[in-house]
Amino acid sequence: MMTELSLIEVLNATANKYADCSALISNDQSHTFLELKKASDQCAVGLLKQGVVKGDRIALYCINSLEFAIAYMGIVKAGAVVVPINLLQKPAEIVYVMDNANVTGIIYHEAFQTNTHDILNALRFPILSICVGSGSKEAIDWERFLDNDGVLPEIPIDPKNDLVAILYTSGTTGKPKGAMLTHQNLVSNTASVFEAMKWQAGKEKIILVLPMFHAFAATVGMLTPLTHGCCFVPIAKFEPDNLLHTIEATQSTVFLGVPSMYNVLLNTSDDKAKRFNSIKLCVSGGASMPVDVLKRFEEKFGVAIYEGDGPTECSPVTCVNPVGGVRKVGTVGKPVPRVEMKILDEQGEERPLGQIGEIAVRGDNVMKGYWKLPEATEASFFEDWFLTGDLGTEDEEGYFSILDRKKDMIIVNGMNVYPRIIEEVLYRYEAVLEAAVIGQADKLHGEIPVAYIALKEGFEIESADIRRWCRQHLGNYEVPRKVVFMDALPKNGTGKIVKRVLNKQGEIERGVQ
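Starting afresh in each chain, residues are numbered from 1 along the sequence in its written order. Confidence filtering applies because this is a predicted model: local features only for residues at pLDDT of at least 70, side-chain atom pairs given and counted only at 80 or more, and all residues used for totals across whole chains, interfaces and linings. To obtain the side-chain values, all non-hydrogen atoms of the structure were used and water was disregarded.

A. Focus on the overall build of the protein. For the protein, the count of helices and strands is 16 helices and 27 strands. Note that the radius of gyration is over C-alpha atoms, with the globule rule given as 2.2 Å times the number of residues to the power 0.38. For 513 residues, the compact-globule estimate of 2.2 N^0.38 gives 24 Å, and the protein sits close to it at 23 Å. Accessibility here uses a 1.4 Å probe with only protein chains present; expressed as a share of the type maximum, an area under 20% marks a residue as buried, one over 50% as exposed, and anything in between as partly exposed. Taking all 513 residues of the protein together, 57% fall into the buried category. In the protein, once contacts between residues fewer than 6 apart in sequence are set aside, the share between residues at least 24 apart is 65%. Per-residue accessibility takes into account occlusion by the displayed protein chains alone, with areas from the Shrake-Rupley method and a 1.4 Å probe. Of the roughly 21900 Å² that the protein leaves accessible, carbon and sulfur atoms contribute 49%. Under the convention used here, Asp and Glu are negative, Lys and Arg are positive, and both His and the chain ends fall outside the count. To locate a charge, take NZ of a lysine, CZ of an arginine, CG of an aspartate or CD of a glutamate. Positive and negative charge centroids in the protein, built from 52 and 65 side chains respectively, lie 2 Å apart. Helix and strand assignments come from DSSP, with helices taken as H or I runs of at least 4 residues and strands as E runs of at least 2, each series counted from the N terminus. Contacts are assigned to residue pairs that have any heavy atoms within 4.5 Å of one another.

B. Highlighting unusual backbone geometry. That bond from Ser-315 to Pro-316 is cis: its omega, 0 degrees, falls within 30 degrees of zero. One can find Pro-316 in the loop between β14 (305-309) and β15 (319-320). Although it is not a glycine, Asp-28 adopts a positive phi angle of roughly 65 degrees. The residue Asp-28 is located in the loop between β1 (22-26) and β2 (29-32) in this model. Positive phi, normally seen in glycine, also occurs at Lys-372, with a value near 60 degrees. Looking at the secondary structure, you find Lys-372 in the loop between β19 (369-370) and α13 (374-379). With a relative accessible area of 47%, Lys-372 lands in the partly exposed category.

C. Representation of helix α4 (residues 91-100) within the structure. Within α4, burial applies to Ile-94, Val-95, Val-97, Met-98, Asp-99 and Asn-100. Asn-102 sits one or two residues past α4 and shows a positive phi near 55 degrees.

D. Inspection of the pattern of salt bridges at higher detail. A side-chain nitrogen of Lys or Arg and a carboxyl oxygen of Asp or Glu constitute a salt bridge if their distance falls within 4 Å. Enumeration over the complete set of coordinates arrives at 22 salt bridges. With a closest N to O distance of 2.5 Å, Glu-298 and Arg-327 form a salt bridge. Of the two residues, Glu-298 is situated in helix α12 (residues 291-301) and Arg-327 in the loop between β15 and β16 (334-335); the sequence distance between them amounts to 29 residues. For Glu-423, the salt bridge goes to Lys-499, with nearest N and O atoms at 2.8 Å. With a gap of 76 residues between them, Glu-423 in helix α14 (residues 419-427) and Lys-499 in helix α16 (residues 499-509) connect regions that are remote in the sequence. Among the residues examined, Lys-499 registers a relative accessible area of 16% and is labelled buried. Salt bridges sharing partners connect three or more residues here, namely Lys-37, Asp-41 and Lys-77.

E. Region of the structure containing the pairing of strand β8 (residues 163-169). The element β8 is largely enclosed, with a buried count of seven among its seven residues. Here, a strand pair is defined by DSSP locating no fewer than two bridges between the strands. In terms of strand pairing, β8 meets strand β9 (residues 177-182) through six bridges, oriented antiparallel. For Ile-166, the partnering residue across the bridge sits in β9 and is Met-180.

F. A look at the domain arrangement of the protein. By convention here, the domain bounds are inherited from an automatic or database domain assignment. The assigned domain composition of the protein is domain 1 (25-181), domain 2 (192-361 + 389-405) and domain 3 (410-509). A C-alpha centroid distance of 39 Å is found between domain 1 and domain 3.

G. Representation of the sheet that holds strand β26 (residues 446-455) within the structure. One open sheet holds the three strands; their spatial order is β25-β26-β27, and the pairing between them is mixed. Strand pairing shows two members of the sheet lacking a second neighbour, β25 (432-442) and β27 (482-485), which therefore form its edges. Ignoring strand direction, the axes of neighbouring strands in this sheet form an average angle of 25 degrees. Bridge analysis of β25 against β26 gives ten bridges, and the strand direction is antiparallel. What sits directly across from Val-437, in β26, is Ala-451. Note on definitions: angles span 0 to 180 degrees between N-to-C directions of axes, and those axes are lines fitted to C-alpha atoms, for helices only across the stretch in contact. Here α14 sits on the sheet in contact with β25 and β26, set at roughly 145 degrees to β25. Contacts from helix α15 (residues 463-473) reach β25, β26 and β27 within the one sheet, and its direction differs from that of β27 by about 130 degrees.

Rendered as C-alpha cells:
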C-alpha cells in the first residue's frame, strides 16, 4: 500500500516518473521535477554536513517560493522534521515555538533577517542558521549551502512513527500546540486529496497564494502536486492584480483560497476578471464559506467553488464536496477517500442523522499526537476517533455540515446559538463586507451574541439597521444584542477571521483586562 511508503520514497518516485515535467513555476521560470529533486537532495546533504541527524527539528521561516519547497523537501530527505513558522507571528511567539520544538536549526528568507537576528539572540541555545538570499553575516549563505554533490546516504524511515512536520496550532486560550504529522499521515492525505480533486498528472497547475507554512497550503497546494506529478505556482503575497496576472500568464487551472480571498476578489473589475478564465476548479477551506459570497463569486467568475474542511491535526483534509458529483452548497461535502467521519454526542455515542454533535475523524491522516503533550493528546481522542471540536451534522446522503466550533457556541437563556447561522444572515445584508459573531457573558441572559462588522466602501449604517435586518431572519434570542463596527476584522496568515482577538477586545472594553 502507498501509506507503507515514506514521503521521501513517494517524492523520489514521482520525480523520476515525471522528471522533465514542470513541477513549479516561479518568477516566470519553470522548474522540472528532476531539478527540484536535485536541489532538495543538495539541501539534505547540506544539512547532514552541518551535523543534522534524523529526528532533528528544523524551523522553516520563508515566504511562498521555490526555496520554501526545496528547503521543506530537503529537511525531510535528511530525516529531520520541518517546523514551519507562521510569518505573521511576533519574534517572541516564534521563540516560544522554536524553544518548545527544541529546534537545532533554521532556514530563513532574507526578508526576515531582522526578526531572525532577534529570535536567535532570544533562544536558550545557539542553533544552525541558513539564509535564503544575501547580506547575512550570521548565517550560512543558501547558494554555498547547496554547493555539494547531492549524494544522500540511505536514511531508514518508519512511515507510521517518524515525523515529517510539527505544525503549531494557535488555540483560543493557552500556548500553541504542535501537531505531529508522520510520513504515513501526509502520504495518505496527499493521495486522498489527489483522488478527491480528480486532478490529472502533467496537466494541473495549482495557484498557491495561501501561505505555505499553513497545513492547507502545504498539503493541498505543495505536497499533493509534488507527489502526484502536478505543477504549482507559489505567490508570496495576496494582491488581486498580481494574482490575476499570474493566473493568466501561467494558465493555472486550480485556485485554492479561504473565504476572505473570494470576498476580496468580488471587487475585481469585469475586464480583469477575465484573467481568471483558465481556472476550472476553486477550492475553499480554512473557514466557513458564507453562502452569499459563494453564489456571488460563482456568478461573477463562472467557476464552481468546492468547499471542504479539515483541522491541522488531520493533515488536514477530511472532506470536500465531490468534484464531478453532487455539490451541496453550505456543506463541507463527504469524507475524502480513506477517511471516516461521524457525529458523536458527549458520551461518545453516534448521533442520528441530522442531529447536532461533535465531528470525529478516523484514518491514516490523523496526527500521531501533540508534541510533548500526552494529556492533551489523550483528551483529543475518543478511542481511535479524533475529536475535531467542530459541531456539525450528517445528512442522509453522507454530507457533513459544520455549525460552529464547539467552544464558539453561545448559550442564550439556556438555548444554543450558533454564530455561523447569524453570520450567514449578516453576509446577505448588502452593506456588510465582513462579519463575525462571538458570545459575551451577560448577568441576565448567561451570554449574548455580539456582531463585529466591516462595511463595504461607501456604506454608512447604524447598529439599529443590522438588528432590524436580523430580526427579519432570526429568532429573537439569536439577534445580536451589540454591534461593533470595525475598518477590517482581524485575520491570521491565511486570511481567516480570528475570533480570539475579538474576544480579547471585548474583554478590554468590559474592563476584564
